[in-house]
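# Inside the fold
The primary structure of each chain is shown beneath.
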Amino acid sequence: MFEAFSSGYYLGRLYVEPHDGGHAVIHRTDHERMNRRLYAAGEGVERLDAPLVMKLDGRHFPVLGEEGVPSGTLGLPPEVAESNLPDRREVFLAKPDRAAELLRYAGYDDGRREAV
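Residues numbered from 1 in each chain as written. Predicted model: local features only at pLDDT ≥ 70, side-chain atom pairs only at ≥ 80, totals over all residues. Heavy atoms only, no water.

### Comments concerning the pattern of salt bridges
Taken as a whole, this structure holds four salt bridges when the rule is applied. For R28, the salt bridge is made with E67, and the minimal N-O distance between the two is 3.3 Å. Residue R28 is found in helix α1 (residues 28-39), and its partner E67 is found in the loop between β5 (59-66) and β6 (73-76); the two are separated by 39 residues along the sequence. For E67, a relative accessible area of 45% puts it in the partly exposed group. (Salt bridge = Lys/Arg side-chain N within 4 Å of Asp/Glu carboxyl O. Helix = DSSP H or I, 4+ residues; strand = E, 2+ residues; numbered from the N terminus. Buried < 20%, exposed > 50% of the residue type's maximum accessible area, 1.4 Å probe, protein only.)

The following block contains the structure:
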């Protein structure tokens, strides 16, 4: 779904549509799979529900998993969604270090440790 793009991001294509919630969402199984594959260090018990950080049209936002969202779809709340949705779009997914940094700036603390 996502492949390496740069030192800070993966690049993928998702169907992007408006979502009537307060935050961006993808299907819970997709969310957990991406967390496990791209964010987990493979050491001990790790959270698979921590937000992913995606970037679309120059704007970063946390993404949570939710049932009821079709697989391969990114649902955006009204304050993030554009009027030209739904559409299939290129979406950036922040790599672990970049995601942790962006979440910290936004005031979110998920307990992840910085790499030494």
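### Considering the packing of aromatic side chains
Going through the model one piece at a time under the given rule, you end up with two aromatic pairs. When the centroid spacing of 5.9 Å and the interplanar angle of 70° are considered together, the rings of Y9 and F92 count as edge-to-face. Placement of the pair is Y9 in strand β2 (residues 9-18) and F92 in strand β7 (residues 87-94), with a sequence separation of 83 residues. Put simply, the rings of F5, Y9 and F92 pair up and form one aromatic cluster. (Phe/Tyr/Trp six-rings, centres within 6.5 Å; stacked < 30°, edge-to-face > 60°.)

### Comments concerning the nonpolar core
Soluble globular proteins: nonpolar side chains tend toward being buried together. In terms of nonpolar packing, the biggest core is built from 26 residues, with M54, F61, L74, L76 and L93 touching the most fellow members. In contact with F61, not counting residues within four places along its chain, are A24, L52, V53, M54, L56, L74, L76 and V80. (Core = buried A, V, L, I, M, F, W, Y, C linked by side-chain atoms within 4.5 Å. Contact = heavy atoms within 4.5 Å.)

### Here we look at the environment of V53
By the secondary structure assignment, V53 is in strand β4 (residues 52-56). A relative accessible area of 3% means that V53 is categorised as buried. Separated by eleven residues in sequence, V53 and L64 have C-alpha atoms that sit 9.0 Å apart.

### A short note on the side chain of R89
The topology assignment puts R89 in strand β7. Judged by relative accessible area, R89 falls into the buried class, the value being 13%. One polar contact links R89 to D57, side chain to side chain, over a distance of 2.6 Å. In this view, R89 contacts G12, R13, L14, V16, L56, D57, E82 and N84; residues no more than four positions away in its chain are not counted. (Polar contact = N/O pair within 3.5 Å; in protein donor to acceptor, adjacent residues only side chain to side chain.)

### Let's talk about the pairing of β4
The buried fraction of β4 amounts to four of the five residues, a majority that puts the element mostly inside the structure. Linking β4 to β5, which pair antiparallel, is a turn of two residues; within it D57 sits at a positive phi near 55°. Pairing analysis gives two bridges linking β4 to β7, with the strands arranged antiparallel. Paired with K55 across the bridge in β7 is F92. (Pairing = 2+ DSSP bridges.)

Just distances and angles here, no functional claims.
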